[in-house]
Amino acid sequence: MALITFINHKSFFTNLNYHNNKNLSFFFFFSSKSQQQEKPFCTSVETIVTLLKSCSKKTHLLQIHSHIIRTLLIRQQIILTSFLSCVALSPLRDLKYSNRFFAQIRKPDCFNFNTMIRAYSQSDFPLEGWKFYNEMRERGIRPNPLSSSFVLKSCTQVSSLIGGRQIHARILQDGHQSDCLLLTALMGFYAFCENGTDARLVFDEMPQRDTVAWNVLISCYARNKRIRDALILFDVMQNPEYGSKPDDVTCLVALQACAHLGTLEFGERIHRFIDEHGYGDATNLRNTLIAMYSRCGCVDKAFRVFQGMSERNVVTWSALIHGFAMNGHGRDAIEAFREMQRMNVPPDEQTFTGVLSACSHSGLVDEGMMFFERMRTEFGISPSIHHYGCMVDLMGRAGYLDQAYELIISMTVKPDSAIWRTLLGACRVHGHVALGEHVVSHLIELKAQEAGDYVLLLNTYASVGDWDKVADVRRLMKEKGIQTTPGCSTIELHGQVHEFVVDDDSHPRMKEIYAMLDEIEKQLKIAGYVAEVSSELHKLSAQEKGFVLSYHSEKLAIAFGVLATPPGKTIRVAKNLRICTDCHNFAKALSSVYNREVVIRDRSRFHHFRQGNCSCNDYW
DNA sequence: GTAGGGTTAG
């Protein structure tokens, strides 16, 4: 009896360790003993609640269940609530059991309903939570903001825009339109559904906006192709009118936007902000900094961040490897991979994507094959579509087109349009017309053909001089109303991003830019630069081709760079498509004649031009 | 004496 008093003693349970099974064993010992002796074993409600928290096995839960039934504790709402939370939400989650238990509760309250909705939102059947959400309304129980927030989570899980809109309407009906956390969740939902307009509307309607609300809006813009707006918000939120201070998450999201846009100056500014505000130790921020610098073409700065880190995880190493890969430092990427193994950091899927793409960008065919094999045999990672993509690129660039085709056919995963497109690119480089046509038929089968694919096919014909076929494809594109993506290049100057498209005349300094471009061409021609006419698609006279080539967007951006920056300053340009041979030659010549370093990021990688050479060794 | 919500790394 003394012992029973002891187990009931409050101090014992307030000090107990939740994961200490000793306490449970104690409890079960007394419980079964009292059952044998048919004597009631009294426990306080608090004891049961505390014990429930330390449950790590379902058998324990069942024993507690039978105990609370025997001791009539089942009548107490607090026990029911705790028990339901335990069955529905702890790692022991069992939805069938939760449902049965829920049905036993005579008067379930809002909290009980929320528990069920929340449990389903985390399960494989998220929409089942709706039933409970509707039932509580039918029973006249008013949902609180959390009820809506849990159903919203279910809608996000299944990307149900209609469901989310219904919740939105209910939030207004229930008068929860001032709940900042709920509205932030709603914004997050719209952002997830790529609906930036509605996310913005919710944001505008919020009575108060804290940093998290700003973060959601910035991340929404960054993910939905409004990257420049995302960066503008980083400054806007700090205006005295709004007075929100960016936190570590704001910096992280903004850095991702900088990486996308290739805006080095803005990225550096955020880097300083991070250090000044003491966020600098966070591994996730450091990892994103590595990615940002790499994607802005500054591997040395990325490496400096890497060196300054006291803790490095698989993400850190993968970011570094990816950085080396996209900047053409294939050997360094492989060395980093080896170093990572020496440090006993196990690689994952994304590490190998980096290693394989490093091999493909640097033409390391044998090494790539070896890593692809080791990935499966040594590390037990089965190849994803991305790994196959790297291998097709690797083999395709090296001219093993048929083997690349065989690899696609042998894949365990269904080939997507991106992988066929990679092979199509290789067909263009090697002038393999027959395979190119075959690949296009695969794309048509997938109903995934894009303007760029026709352009690649057209280029393949052009590369072997089949101008009739080129004209056919052009006609076909015209008939189908397919429009090509216009080439677009950006250059950052004093934190401002300047954008150029083909034949652009919208820039305020356009006259000067064209004059500068003419002057540059004149100087380069003296040094031996000849316009590469095969890059141009149209069947034009050589003179006309030369004329059209002069206005490629990257040339305009470079001319603006020469015009607007002091001599010797590196010119950094980002382009949405892949750079053409002519512009590549142009940049190479310029880097030597004007003694300028030029860094161009195209759709797939970086080109560092220095003294007449490119880091890609004309291999891209 | 119960007690759950929003953003975030390669």
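Residues numbered from 1 in each chain as written. Chains lettered and ligands numbered in written order. Predicted model: local features only at pLDDT ≥ 70, side-chain atom pairs only at ≥ 80, totals over all residues. Heavy atoms only, no water.

Moving on: the overall build of chain A. Scanning chain A from terminus to terminus reveals 33 helices and 6 strands. When each of the 620 residues of chain A is scored for burial, the buried share is 51%. (Helix = DSSP H or I, 4+ residues; strand = E, 2+ residues; numbered from the N terminus. Buried < 20%, exposed > 50% of the residue type's maximum accessible area, 1.4 Å probe, protein only.)

Glancing now at the nonpolar core. Counting 150 residues, the largest nonpolar core has Leu61, Ile270 and Leu423 as its most contacted members. When residues no more than four places from it in sequence are discounted, the contact partners of isoleucine 270 are Phe234, Cys251, Ala254, Leu255 and Cys258. (Core = buried A, V, L, I, M, F, W, Y, C linked by side-chain atoms within 4.5 Å. Contact = heavy atoms within 4.5 Å.)

Let's shift gears to the protein's contact with DNA strand B. DNA strand B sits among 42 residues. The nearest are Asn114, Asp210, Asn215, Asn287 and Ser318. Near the protein, within 4 Å, the atoms of DNA strand B are sugar or phosphate in 39% of cases. Leucine 182 is positioned such that a nitrogen or oxygen atom in its backbone is 3.3 Å from a base nitrogen of DNA strand B. At 2.9 Å from a base nitrogen of DNA strand B is found a side-chain nitrogen or oxygen belonging to asparagine 313. It is helix 14 (residues 211-223) that provides the largest number of residues to the surface near DNA strand B, a total of 6 residues. Among the residues making up the surface near DNA strand B, the classes are represented as 18 nonpolar, 16 polar and 8 charged. (Near = heavy atom within 4 Å. Polar contact = N/O pair within 3.5 Å; in protein donor to acceptor, adjacent residues only side chain to side chain. Nonpolar A, V, L, I, M, F, W, Y, C, P; charged D, E, K, R; others polar.)

Scanning the model with the defined rule gives 22 aromatic pairs in all. In this structure an aromatic cluster arises from ring pairing among Phe102, Phe113, Tyr120 and Phe132. The lysine or arginine in question, arginine 209, covers the ring of phenylalanine 203, its NZ or CZ lying 4.8 Å from the ring centre. The aromatic ring of phenylalanine 306 is capped on one face by arginine 312, whose charged end is 4.3 Å from the ring centroid. (Phe/Tyr/Trp six-rings, centres within 6.5 Å; stacked < 30°, edge-to-face > 60°. Lys NZ or Arg CZ within 6 Å of the ring centre and 35° of its normal.)

Let us now look at the pattern of salt bridges. This structure, assessed with the given rule, holds 24 salt bridges. The partner of aspartate 174 in a salt bridge is arginine 137, and the shortest N-O contact between them spans 2.7 Å. Of this pair, aspartate 174 sits in the loop between helix 11 (161-173) and helix 12 (180-192) while arginine 137 sits in helix 9 (residues 129-138); the two residues are 37 residues apart in sequence, bridging distant segments of the chain. Taking the relative accessible area as the measure of exposure, aspartate 174 reaches 10% and is therefore buried. The partner of glutamate 367 in a salt bridge is arginine 331, with the nearest N and O atoms 3.1 Å apart. In this pair, glutamate 367 sits in helix 23 (residues 365-377) while arginine 331 sits in helix 21 (residues 330-342), placing the two residues 36 residues apart along the sequence. Residue class for arginine 331 comes out exposed when judged on its relative accessible area of 53%. Where salt bridges share partners, they join Glu335, Glu339 and Arg342 into one cluster. (Salt bridge = Lys/Arg side-chain N within 4 Å of Asp/Glu carboxyl O.)

For the rest of this paragraph, the subject is the packing of helix 14 against helix 15 (residues 227-236). Orientation of helix 14 relative to helix 15, taken along the N-to-C sense of each, is 160°, at an axis distance of 7 Å. As far as their axial angle goes, helix 15 and helix 14 are roughly antiparallel. Read as a crossing pair, helix 14 and helix 15 show a hand that is left-handed. Each of Trp214, Leu217, Ile218, Tyr221 and Ala222 in helix 14 lies in contact with helix 15, whose residues at this interface are Ile227, Asp229, Ala230, Leu233, Phe234 and Val236. Residues belonging to the contact of helix 14 with helix 15 are distributed by class as follows: 10 nonpolar, no polar and 1 charged. (Axes fitted to C-alpha atoms, helices over the stretch in contact; angles between N-to-C directions. Parallel < 35°, antiparallel > 145°, perpendicular 65-115°, else oblique. Left-handed = near helix turned anticlockwise from the far one by under 90°.)

Along the backbone, arginine 331 and serine 362 are 31 residues apart, and their C-alpha atoms lie at a distance of 8.1 Å. With near-sequence residues (within four places) excluded, arginine 331 lies in contact with Leu364 and Glu367.

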